[in-house]
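Breakdown of the fold
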Amino acid sequence: MKKVYILKVSVLDALNNIKKREGGNGMGKYLCSICGYIYDEAKGIPEADITPGTLWEDVPEDWVCPLCGATKEEFIKQGESATTAENKPISVIELSSDMKELSPLEMSALCTNLALGCEKQYKLEEASLFTKLAEYFKKAAAPAKEPKFDNLLELIENDLKEGFPNANAIASNEKDRGAMRALVWSEKVTRILNSILSRYEKEGDALLDNTGVYVCTICGYVYIGNTIPDICPVCKVPNWKFEKIEGR
Ligand SMILES: [Zn+2]
Ligand SMILES: [Zn+2]
């Protein structure tokens, strides 16, 4: 019995020592909620001039995730649960009816998606018909009212605040795993778009100077830079599925 007791104590000591060595002195780790990259305060990122021991709050505000380009806002302290609505029940937004008339622009977006879906299934004839329909509806759409930057940010924020929690609630009520998976991707892509827009707000056109812009053709992830990640940080396909966006 005595032996067991001693063993317990020494295991505890060892654990405490490891804790101390791993930064029990208040050093934390921060996880990118988009791609899983970890910023470790104890290690810093010397190659990016962030010295070991740099606290998260002292990492420059314009720093972005070296893997996926997400801003600091998308990081979560490790060991702390995300403060998202995950734990509280989300009520599905009530609609007066399941059927809702879509605007011509919404119809156009829907047909474009259906065309892509057909293309992936090698149904080329159907794909080209949906493309034609998408063009038809686009022409029928009224021009956008005041295409302002702030409006764009607001639309994205609404999607993140209400659209995704609501769609997730519906998908999980229906136990629709396919929809849930697609929503995980599209929410991450939306967060990246939000990051890019908030960077653009601060940096303006300089953000796009001498740099490539790439889009993952599978999930829609957007990468700005010249060293594209080996695999898509969101949907994990190899980077040959990325398309370079040329010209402006
Ligand atoms: Zn990241
Ligand atoms: Zn992707």
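Please refer to the structure higher up on the page.
Residues numbered from 1 in each chain as written. Chains lettered and ligands numbered in written order. Predicted model: local features only at pLDDT ≥ 70, side-chain atom pairs only at ≥ 80, totals over all residues. Heavy atoms only, no water.

1. Notes on the overall build of the chain
When its secondary structure is counted, the chain shows 5 helices and 6 strands. Along the chain, helices (α) and strands (β) appear in the sequence α-β-β-β-α-α-α-α-β-β-β when read from the amino end. A total of 248 residues make up the chain; the buried ones form 27% of that total. Here the analysis covers contacts within the chain between residues at least 6 apart in sequence; of these, 50% occur between residues at least 24 apart. About 17,900 Å² of surface is accessible on the chain, with carbon and sulfur atoms providing 56% of the total. (Helix = DSSP H or I, 4+ residues; strand = E, 2+ residues; numbered from the N terminus. Buried < 20%, exposed > 50% of the residue type's maximum accessible area, 1.4 Å probe, protein only. Contact = heavy atoms within 4.5 Å. Areas by Shrake-Rupley, 256 points an atom, 1.4 Å probe, with all protein chains shown as cover.)

2. Digging into the coordination of the zinc ion (ligand 2)
The coordination sphere of the zinc ion (ligand 2), as far as protein atoms go, consists of Cys216 (SG), Cys219 (SG), Cys232 (SG) and Cys235 (SG), spread over 2.3 to 2.4 Å. Considering all 4 donor atoms around the zinc ion (ligand 2), the spread of angles at the metal, 102 to 115°, places the coordination shape in the tetrahedral class. We note that the donor set of the zinc ion (ligand 2) lies within a single chain, spaced as C-x2-C-x12-C-x2-C. Of the two residues, Cys219 is situated in the loop between strand 4 (213-216) and strand 5 (222-224) and Cys232 in the loop between strand 5 and strand 6 (242-244); the sequence distance between them amounts to 13 residues. With relative accessibility at 0%, the residue Cys232 sits in the buried group. (Donors = N, O, S within 2.8 Å, 3.2 Å for Na, K, Ca; no water. Tetrahedral: all angles 85-135°; square planar, octahedral: opposite > 155°, others 65-115°.)

3. Quick look at the sheet that holds strand 1 (residues 29-32)
Pairing in this open sheet of 3 strands is antiparallel, and the strands run 2-1-3 from one edge to the other. Both edges of this open sheet fall to strand 2 (38-40) and strand 3 (75-77), since each of them pairs with a single strand only. In this sheet, adjacent strand axes meet at a mean angle of 25° when their direction is disregarded. Of the strand pairs in this sheet, strand 1 and strand 2 are connected by 3 bridges, and their pairing is antiparallel. Across the sheet, residue Leu31 finds its bridge partner in strand 2, namely Ile38. (Pairing = 2+ DSSP bridges. Axes fitted to C-alpha atoms, helices over the stretch in contact; angles between N-to-C directions.)

4. Focus: the coordination of the zinc ion (ligand 1)
In the first shell of the zinc ion (ligand 1), the protein supplies Cys32 (SG), Cys35 (SG), Cys65 (SG) and Cys68 (SG), at 2.3 Å from the metal. One can describe the donor arrangement at the zinc ion (ligand 1) as tetrahedral, given that its 4 donor atoms subtend angles of 104 to 118° at the metal.

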